[in-house]
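Breakdown of the fold
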Amino acid sequence: MACVKLEHVKKIYDGGVVAVQDFNLEIKDKEFVVFVGPSGCGKSTTLRMIAGLEDISEGTLTIGERVVNDVEPKDRDIAMVFQNYALYPHITVYENMAFPLRIRKMKNDEIHRRVCQAAEILGITEYLGRKPKNLSGGQRQRVAIGRAIVREPQVFLMDEPLSNLDAKLRNQMRAEIILLRKRLDTTFIYVTHDQTEAMTLGDRIVIMKDGFIQQVGTPEEVFDTPHNLFVAGFIGAPQMNIFEAKLDKRTDGYHVLLQDMDLKLDEDKCKLLENNGVKSMDKVLLGVRPEHMTACSESETNCVKGTIMVNEMMGSELHLHVATGMPKNTILRLPTVDLTSAERAALVAGNKLSFTFASKVVQLFDPESEQSLLYK
Amino acid sequence: MTDLEYFKLSKPAKMWHNLLTSLRNLPKSVLGKIKSFFMFFVHLFVGFFNEIKDIVLTYKNGDWKTRVSFTVMGFGSCARGQWLRGLLFFAFQTVFNLYIIFFGGAYLAKFNTLGTVATTRKGRVTVYGDNSFLILLYGILTIFFVLAFIYTWRMNVKQNKLAEEVLKAGKKLKYAKDDISGLLDSQFHKTLMALPTLGIFVFTVLPIIFMILVAFTNYDANHQSPTNLFTWVGLQNFRDLFSTANANYANSFGQVLLWTLIWAFFATFLNYFLGMLVAIMINKKGIKLKKMWRTILVMTIAIPQFVSLLYVSKMFAADGLVNSYLMRWGWIERPLPFWTDPAWAQITVIIINIWIGIPYLMLIATGILMNIPADLYESARIDGANAVQTYGKITLPYMLFVTGPYLLTSFIGNINNFNVIFLLTQGKPDVLGNKAGATDLLITWLYSLTVEDTNYKMAACIGIIVFVVCAAISLVVYNFMPSVKNEEDFQ
Amino acid sequence: MKKENQIPEVDIVVDHEAGVIREVKPEKLRSKKGHERRVNTSIYVLLTVMSIIWLAPFVFLVLQSFRCESGGQVNYLLPKQWGLDNYVFLFTESNFPRWFMNTLTIGLVVAVVQTVIQLSVSYTLSRMRFRGRKLFMKAVLVLGMFPGFLTMICLYFLLKQLGMTQAGAIPGLILIYVASSGMGYHISKGFFDTIPKSLDESARIDGATRFQVFLKIIMPLAKPIVIYTILMAFMAPWGDYVFASYVAFGKASSYNVAVGLYQWVNTNDFQGYFTRFCAGGVIVAIPITALLLALQKYYVEGVTGGTVKG
């Protein structure tokens, strides 16, 4: 019913700045899609085009069965939650939530029913008589969401709704949005710059940069098989480690050479490289996530050697920044449960540390195009 | 030179470096200005050419409804069911035709001479000839009407083309209902702007263009319509204004212009710094009754200037309160020449203007002082700055930055500060000839020339000069001050 | 202000040798306190002198308006014979009540119409992006640099064609004041610019047309600037002499207070009318001053906001 389709959508501002390039996406009914990317990547612009707050320079936008390029926002049957809440300061919470319904000239009883129901869901019944300025940030955000859900719209748009909240509240609201989504069961489009929000909320994630879509996929897909260097670096925290390595094609398959380490790639990866016609390369970008690194004993040979520069104790895990003689420090993320206290005492700044990783977890990128070599 | 090297320089060396850099960049920036000016005309020409091409193509590719619309405006729109638009186009065309035929055409025809048939008297009957004033005014109006007609006609053609495209794409046209509801929504700006723009056009733009053109005629006491004709004289009036021959306008003009600039300078900056000082005094920590001091000053703003200034003007007159008390106390023997001696009068108006201006600037400065983030002061205190240093390094730069645009507007406002001068002195003492007095600003001189002398041509010239002065100052300031450049910076 | 007073007076000093920031207790700063007291005392003296200078002319004005023994300028301040003669004259023998009503009428009408126009224009310029927006703003900037009186002759003629001079000067003046009010959009636009745009957007998504946004969201939030605009529009006509005298030329019943009182002082035998002018001035000044002081908060907000926003 309420699927949203963007075909070759483009946004060019008056000054000639292109904010969104050739955006193609089909959002299915009742799907939760997250647009994620650094600031200025065009994610908000895309959302605002869907909302009708920005004109679409080229391409077509379809909501449901209808092409809505020239339809006013009020006639698109969408609701939107803004980053700064955008509550009307001069009226009470109740009237804020009733506003969209009053504009539509709905009957008073129905308005009352819907507002009370929404307030119930969001746990803001006791604040209905207050003005927005007398609410905390989290409460305001709930009111903003409440104002959106009373409409029972076809599509929910959310523009960085949690960015103005502090970290603790953000985690809590994130969980609430997941619950809310289960309850409402409608199409959601959610914009954020926070990859954690994207991973936890989205059915599918759209990663954008400089107006281009970098990758569309489920959280697992974008995490496990990033299409390019940007996606690899953007998803996951701390960031994926990138090494300059050598790729050697031998008779028994592909080998990656990094410092003293010689890593033979597993069958699946070799097959993919073979299919993509990859030859031996003097320089290849090797990506390994910090959590996929393992520390190894001095005696082991097939590993990378370095010195610990910084150790960050995070509680359940330990983040180690290790200098290896390569341009950037390598980050290791070690779960603390697995470490004995003697081991932990050795993992401090200044000490030597060797680490290694398995062939299963590595990513390979072309240094020029920055595209993944393991592309299916 | 890299940034780091620049930071190492001493203050004078930095200034010298900046000067050199700006001089080096001068030819480039001037060239850039010239180029963009030139490009403006290129764009204009290309745009014009494209319009023509589009019109021709519309005719060639259009259906018969479109083609008929080229002569009967709005026909195509009506024929496609957009009757509201169509009728409006048609109504405009009809009105325009009637206007040209029965009214405007005649005036336009005489526009180049401003009339040739003089008014004569046959015995006791006056036979009126051409009225130059009306010809000039209605001539301008007609020209604007013609331009508006061309624009509307072009819109009419465009509408047809658009409608054809929309129909071809299988979409729906916008009908009368959509047009009307659009006026409260997507086209709401048209609803809101229509009346104000019309008002500005008729009551500001039209009169200004009229008076600009008067500066190029000989419209004065000897050429008053309807009894006498006046006509175009080219740049003659400006030549007179700058020449020392005959009435020696150049002398009067030069002196008035000089005084105008001196006045504007003092009226702006004296008030600015004194007002800021008063604001700082009132807002100083530990000073009590802040609200009372402020209210006393605000009260003086409220009293209409014609009351306060006229009264003060009388206070300082030869037989006014000030002189009589000074004499009674035996401080002086003869009345002080507050209004009769040129230099005395000039200084007195500047001082009285401080009296007028400080309350206003105190308010502005207070508002800004309150906005200076407190942590700036705290940080300066921790860094060891004393009161004077804090003022010089934080308060003043912040004020100057924030009030940059205001200072510009205020300077221009003071060039045109009619009220203070007129109510205090009327420009007197008249010592400069040609109705100009020692305290006359360009604007009050313009007023005397108009009202007392009916010397409209000279008044119009001076009006143009005032504009040129203001525009030049604004342009210079805009190019040097970052905070006035960008509208969006303040949003 | 109050909060600051509650903070104990301590000064912070950087101790370079120890490399720490120390708080110095007030006892050690006793000499500084004495200095502070001297500074404050001189400020009080200055402010008092200033207040006297600023208020004196108005006190004189009021004093002279009660003088009965002669109507001209005299060389003393306190009336020898106190009385309401001048006020009685104003309301029984002169045109003053008429002038006052004229000005009041103009002020009220202008206040309403000008406010509507100015708020419409500034809202549009602040919120909507359309072709000609920049052009409009630039044109207003350029037009504003021409001296206003330049247009006087032409306007006089236009009004004459409409029968709005001399006897009809009141509607004529209203028309002149109101016609170009679109040019004074700056201050209220600056105010609108501070209202977050997301409120508009949110309301539009909620189903409001732009007209409804203007009416239901922006207007209720713009109360301070609405009051400021009304106040300014109402006050301006009270001080206008130039246009008012030109349009009403020679027709005493069409004067506003400024023209009428100006003529008393300058063209008539002002020796006889001086105290009457004072009385008239007092009558005009009282309501205007009361109004401004009552709405001082909004006035100050408008003035300071307008300067900072440009």
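Sequence order as written defines the numbering, with residues in each chain counted from 1. Lettering of chains starts at A and numbering of ligands starts at 1, both following the order in which they are written. At least 70 in pLDDT is required for a residue's local features to be given in this predicted model, at least 80 for side-chain atom pairs to be given and counted, and no such filter applies to totals for whole chains, interfaces and linings, which use all residues.

Structural notes on the overall build of chain B
Secondary structure elements follow DSSP: runs of H or I of four or more residues count as helices, runs of E of two or more count as strands, with numbering from the N terminus. Helices and strands together make up the secondary structure of chain B, namely 20 helices and two strands. What the globule rule says is 2.2 Å times the number of residues to the power 0.38, and the radius of gyration is computed from C-alpha atoms. Here the C-alpha atoms of chain B give a radius of gyration of 31 Å, more than 25% beyond the 23 Å that 2.2 N^0.38 yields for 491 residues. Counting over 491 residues, chain B shows a buried share of 33%. Here the contact rule is simple: place C-beta atoms from the backbone, and any two residues whose C-beta atoms are within 7 Å are in contact. Sequence separation of at least 24 residues holds for 61% of the intrachain contacts in chain B that already meet a minimum separation of 6. Put simply, a residue is buried when 20 or more other C-beta atoms lie within 10 Å of its own C-beta and exposed when 12 or fewer do; between those, it is partly exposed, and each C-beta is set from the backbone.

Observations concerning the nonpolar core
Among the nonpolar cores identified, the biggest contains 276 residues, and A:Leu157, A:Ile189, A:Leu286 and C:Leu173 are the most heavily contacted of them. When residues of this core are assigned to their parent elements, the largest contribution, 12 residues, is made by helix α10 (residues 249–283) of chain B. In this view, A:Ile189 contacts A:Val4, A:Ile27, A:Val33, A:Leu47, A:Ile50, A:Val155 and A:Leu157; residues no more than four positions away in its chain are not counted. Nonpolar cores are identified as sets of buried Ala, Val, Leu, Ile, Met, Phe, Trp, Tyr and Cys residues joined via C-beta atoms within 7 Å.

Thoughts on the interface of chain B and chain C
Interface size is commonly expressed as the accessible surface area that is lost when the partners come together. Taken residue by residue, the interface counts 79 residues in chain B and 71 residues in chain C. When the residues that make up the side of chain B that touches chain C are grouped by side-chain class, the tally is 54 nonpolar, 18 polar and seven charged. Three residue categories are used. Nonpolar comprises Ala, Val, Leu, Ile, Met, Phe, Trp, Tyr, Cys and Pro, charged comprises Asp, Glu, Lys and Arg, and polar comprises the others, including Gly.

Considering the sheet that holds strand β20 (residues 363–365) of chain A
All names here are of chain A. Spatial strand order, β13-β12-β11-β14-β20: five strands in an open sheet with antiparallel pairing. With partners counted over all chains shown, the strands left at the sheet margins are β13 (261–264) and β20, one partner each. The average undirected angle you get between the axes of adjacent strands in this sheet is 40°. DSSP calls a pair of strands paired once it identifies at least 2 bridges connecting them. Pairing of strand β12 (residues 253–258) with β13, which is carried by four bridges, proceeds in the antiparallel orientation. All axes here are fitted lines through C-alpha atoms, helices being fitted over the stretch that makes contact, and every angle between N-to-C directions spans 0 to 180 degrees.

As for the domain arrangement of chain B
Annotation comment: domain bounds sourced from an automatic or database domain assignment. Along its sequence, chain B is organised into domain 1 (1–61), domain 2 (62–234) and domain 3 (252–490). Between the C-alpha centres of domain 1 of chain B and domain 3 of chain B there is a distance of 36 Å.

Concerning the domain arrangement of chain C
All names here are of chain C. Each assigned domain of chain C is listed here: domain 1 (2–65) and domain 2 (88–309). Contacts between domain 1 and domain 2 engage four residues on the former and five residues on the latter. Here the side of domain 1 that touches domain 2 is built from residues that sort into two nonpolar, two polar and no charged.

Comments concerning the environment of C:Trp99
All names here are of chain C. Turning to its location among the elements, tryptophan 99 is positioned in helix α4 (residues 96–127). Sequence-wise, tryptophan 99 and glycine 250 are 151 residues apart; in three dimensions their C-alpha atoms are separated by 14 Å. With sequence-adjacent residues up to four places away left out, tryptophan 99 is seen in contact with Tyr255, Asn256, Val257 and Gly260.

Side note on helix α5 (residues 167–184) of chain A
Every helix has an expected span of 1.5 Å times one less than the residues it contains. Under the 1.5 Å per step criterion, the end-to-end length of α5(A) is 25 Å for 18 residues, consistent within 8% with the ideal 26 Å. The first or second residue beyond α5(A) is A:Asp185, which carries a positive phi of 55°.

Quick notes on unusual backbone geometry
The bulk of non-glycine residues show a negative phi, and the bulk of peptide bonds are trans. Put simply, A:Ala237 and A:Pro238 share a cis peptide bond, and its omega is -5°. In this structure, A:His8 takes a positive phi of about 50° despite not being glycine. If you trace the backbone, A:His8 turns up in strand β1 (residues 4–12). Here C:Gln166, not a glycine, exhibits a phi torsion of approximately 45°, which is positive. Here C:Gln166 lies in the loop between α6 (152–161) and α7 (169–179). Under the C-beta neighbour-count criterion, C:Gln166 is labelled partly exposed, with 16 such atoms within 10 Å.

Considering the pairing of strand β6 (residues 78–81) of chain A
Residue and element names in this part refer to chain A. Along β6, one buried face is formed by Ile78 and Met80 and the opposite face, lined by Ala79 and Val81, is buried too. For β6 and strand β7 (residues 155–159), the ladder comprises four bridges, and the chain directions are parallel. Note that in β7 the partner of isoleucine 78 across the bridge is valine 155.

Thoughts on the confidence of the model for chain B
Residues and elements named next belong to chain B. pLDDT measures the predictor's confidence residue by residue and takes values from 0 up to 100. When pLDDT is averaged along chain B, the result is 85; 97% of the residues meet or exceed 70. Looking at the elements of chain B, mean pLDDT is at its lowest for helix α20 (residues 482–485), recorded as 47, and at its highest for helix α8 (residues 188–214), recorded as 91. Throughout residues 483–491 the model reports pLDDT below 50, and contacts reaching past four residues in sequence, or to other chains, amount to 13 contacts.

Regarding the confidence of the model for chain C
Residue and element names in this part refer to chain C. The pLDDT averaged across chain C works out to 83; a share of 86% of its residues lies at or above 70. Helix α1 (residues 2–6) is the least confidently modelled element of chain C, averaging 45 in pLDDT, while α4 averages 93, the highest of any element. Every residue in residues 1–8 scores below 50 in pLDDT, and together they form one contact with partners more than four places removed in sequence or on other chains. Our summary of model confidence lists the complex with pTM equal to 0.83 and ipTM equal to 0.83.

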